[in-house]
Amino acid sequence: MQKKKIGIPYALYFYEYYPLWKEFLTRLGAEVILSQPTNKKILDLGIRSALSEVCLPVKIFYGHVLSLSEQVDYILIPRMVCIERGAFFCPKMIGLPDMVRSSLQNLPTQLTPIIDVRQSYGTWKNSLMEVGKLITDNSSEISRAFSDSWKIFQQNYLANILEPNLLFKSSIQNNIPKKPRKDIEIPVNIAVLGHNYLTNDSYVNMDLINKLKKMNVNVLTPEIVHPAIIKKQLKKLYKPIFWSLSRKVVGAAFYYFEKKVDGIIHLTSFECGEDSMVGELIHHQSQKYPDVSYTEFVFDEHSGEAGINTRIEAFLDMIRRKKRYEIGLTPSW
Amino acid sequence: MKLALPRLGNIEVINNTILTDMGHELVEAPPNSKRTMDLGVKYSPEYCCLPLKIALGNMIEAIDLGAEGLIMAGGWGPCRFGYYAQVQRDVLLDLGYNFRMLIFELPRKEGIRTLWKNINILRNGKSWLYMVKQLRFAWQQILLTEELENKVLQVRPREKKKGAASRILLKSIREIKQAKDINTLEQIRKETMEKFAEATNPHMQNLIRVALVGEFYVSLEPFVNHHLEEKLGYLGVEVVRKNSIEAWIAPIMKLHIFKESFKEEKDIEQAAYQYLAHSVGGEGQTSVGNVVLAHQEGLDGAIQVVPFTCMPEIVAETILKKVSEDLDFPTLTLTYDEQTGEEGLNTRIEAFIDLLKMRRKRVNVS
């Protein structure tokens, strides 16, 4: 029998959950096809087919779906509703399968398992099992595939997280050269915050992370902060945030503020509803930490690269000048 | 304590019942105006949705008039509304205001203590019995107000003298606000209905009927939607308003007496199911369901109102394109932001209504 081809659009929540699905589906003997990393063509496809008011990440998701449609038998578009008590995904992710279905025509069959851990049908296990049934009838095999891939997924997730002490001993106590000739020799710690489909998509964020690294910046992301720390930091809020993805961003932001990193860049996408609220919370918090420089970059479908470059440079120059002054060096200008 | 309530349509009718009569000093937020909008827009996060900005404007104006406590509703997502009060508090604190935010929402965990405290502040030492009585009366006031508002939508396109219906409504709202007991409300209802009947031209039949769906605040607040209902009424269109405060509060309270509205909610979900199988928060699924129902009820078209960047309504808007195509049912989406230019809006509404009229003619001929 020919292998079933299942397409996974490499966008939105799949930045986080792709390894789980891939492991699970391959173990069952399906062929998993991941769409290309975002590129001009995918972005254009998405922009052309979505309503103009839809936010950028969803437009990109559309593009990925379309780019897959020719090559696969099925497209996986889970309906992510809730993965922890008291928090949801963004409305657009909850309605995503329906949005895709009503805007795009001639798509392969869509697999839309519901992930809603409050309901018995929506637990990770049951949703994945339901998808598994399409590939094989052997339910014990599906069950085994699930538990194995779930274990691997959890392990990998934890492997990315750095020990909190390690994180700061090695990187934050920066070894500044005694007499830096140029500003760029002063290392700085910058936390780049945002949903992981923005921070990791180097096409959309104009390769921001690598640009920073080239400029001798130690880049910190929300992913390397331990969930327990995030949970603790979130207690600072009057009211718990009810969006799972934003919880991580805000928790990490508060943590980095507390640890006094040199600067924080918050990446948001135009029209993102969560970011508009969360951005305000982080901004409010930033005023309590005058030592930490804070800025916000908004990305939309046509942000010119030069603009971002200028802003990064200006932001870094500002931080480095401050540092020079702090360590008692004469200004370089 | 000097308390204030943000504005929402005619919700001010309950101000006396739940604030003044409970022994609080009432600070009425000035009616929504250009100034309210400007203040709200100036201090809100840029990409927040419009209701947050306007409510923030209300709050600033109320505090400037001396309010010490602000009453606000909350929720638990996924719509942004649930987090409004927190962001507004942060913004107002940053501005250096001194106030207390009284948030009323279904509590979770520690929230129950805050809610208890807030209820006690509102109770202000009066007996529980009295408080319950006042709340029940406030509910009756809201119900009557909405009944009249819905009635006026039918009267306006048929009125003998332009503007008569709106004037009658305005007067009745003022009376409801001053009313103290159920009998007075009954009296107001009777008198207003008589006046409406008098103002109506009975020969106007077979008007174009349009459903008004979409986001709750924008559809109920005339200042924000640029008096859409009145505009449509004067174009000779009967508007069927699908959102109401009643349908918003009733499911939250989950009280037995409101069983009826529950049934309606089920029907709406059922109607939407084929297109949007899961609630997306806010009024997303309701908008889709209501458009399908409007088609089944034989209305001529639907208008969806959306505040710019509203998450649930953008989902609904995307899906409504498909619904409209499938059912051959004209749907117009109007997006509102802080721009106040009206001519573009007028043109779009007029064109849409012309289209509906032409469709009618075509059907009649064939």
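You'll find the structure just up there.
Presented here is a report on the structure given in the accompanying data block. If you're wondering where the values come from, they're calculated on a predicted model, not measured in any experiment.

If you look at the biggest cluster of nonpolar residues, it comprises 102 residues, and the most contacted ones within it are Trp21(A) and Phe61(A). When residues in this core are grouped by element, the largest group, eight residues, is from helix H1 (residues 14-27) of chain A. Apart from the residues within four sequence positions on either side, Phe61(A) is in contact with Pro9(A), Ala11(A), Leu12(A), Tyr13(A), Phe14(A), Ile77(A), Leu96(A) and Val100(A). Listed in part, the 59 residues of the second largest apolar core include Met22(B), Leu169(B), Ile303(B) and Leu345(B).

For the rest of this paragraph, the subject is the interface of chain A and chain B. If you look at the interface, chain A gives 38 residues, while chain B gives 41 residues. Counting each side, the surface lost to burial between chain A and chain B is near 3,600 Å², with a carbon and sulfur contribution of 67%. When the area that chain A buries against chain B is broken down by residue, the three leading residues are Glu53(A), Lys239(A) and Met277(A), summing to 18%. The interface formed by chain A and chain B holds one salt bridge in total. A salt bridge links Lys239(A) to Glu105(B); the nearest nitrogen and oxygen atoms lie 2.7 Å apart. Counting across the chain A and chain B interface gives eleven residue pairs in polar contact (both at pLDDT 80 or more). Residues belonging to the side of chain A that touches chain B are distributed by class as follows: 20 nonpolar, eight polar and ten charged.

Residues and elements named next belong to chain B. The strand order S2-S1-S3-S4 describes an open sheet built from four strands, whose pairing is parallel. Taken across any chain shown, the strands that pair with only one partner, and hence form the sheet edges, are strand S2 (25-26) and strand S4 (100-104). Of the pairings in the sheet, the one linking strand S1 (residues 2-4) to strand S3 (residues 69-73) comprises two bridges and is parallel in character. Residue Ala 4 lies in a different strand from S3, and its bridge partner there is Leu 70. Along the sheet face, helix H4 (residues 84-94) touches S3 and S4 and points at about 175° away from the line of S4. Along the sheet, helix H5 (residues 111-123) makes contact with S1, S3 and S4, crossing S4 at roughly 110°.

Glancing now at a positive patch on the surface. Positive charge collects at one region of the surface, where Arg85(A), Lys231(A), Lys232(A), Lys235(A), Lys259(A), Arg108(B) and Lys109(B) lie side by side. Under the relative-accessibility criterion, Lys232(A) is labelled exposed at 62%.

All names here are of chain A. Scanning the model with the defined rule gives 17 aromatic pairs over all chains in all. With centroids separated by 5.0 Å and ring planes inclined at 45°, the aromatic side chains of Tyr 17 and Trp 124 adopt a geometry described as tilted. Linking Tyr 17 in helix H1 with Trp 124 in helix H6 (residues 124-135), this pair joins segments that are 107 residues apart in sequence. For the pair shown, Tyr 17 and Trp 124 are each scored as buried.

Cut-offs and rules
- Residues numbered from 1 in each chain as written.
- Chains lettered and ligands numbered in written order.
- Predicted model: local features only at pLDDT ≥ 70, side-chain atom pairs only at ≥ 80, totals over all residues.
- Heavy atoms only, no water.
- Core = buried A, V, L, I, M, F, W, Y, C linked by side-chain atoms within 4.5 Å.
- Buried < 20%, exposed > 50% of the residue type's maximum accessible area, 1.4 Å probe, protein only.
- Helix = DSSP H or I, 4+ residues; strand = E, 2+ residues; numbered from the N terminus.
- Contact = heavy atoms within 4.5 Å.
- Buried area = accessible area lost by both parts, 1.4 Å probe.
- Salt bridge = Lys/Arg side-chain N within 4 Å of Asp/Glu carboxyl O.
- Polar contact = N/O pair within 3.5 Å; in protein donor to acceptor, adjacent residues only side chain to side chain.
- Nonpolar A, V, L, I, M, F, W, Y, C, P; charged D, E, K, R; others polar.
- Pairing = 2+ DSSP bridges.
- Axes fitted to C-alpha atoms, helices over the stretch in contact; angles between N-to-C directions.
- Patch = residues over 30% accessible without salt bridge, like charges linked within 9 Å, V, L, I, M, F, W, Y side chains within 5 Å.
- Areas by Shrake-Rupley, 256 points an atom, 1.4 Å probe, with all protein chains shown as cover.
- Lys, Arg positive; Asp, Glu negative; His and termini not counted.
- Charge placed at Lys NZ, Arg CZ, Asp CG, Glu CD.
- Phe/Tyr/Trp six-rings, centres within 6.5 Å; stacked < 30°, edge-to-face > 60°.

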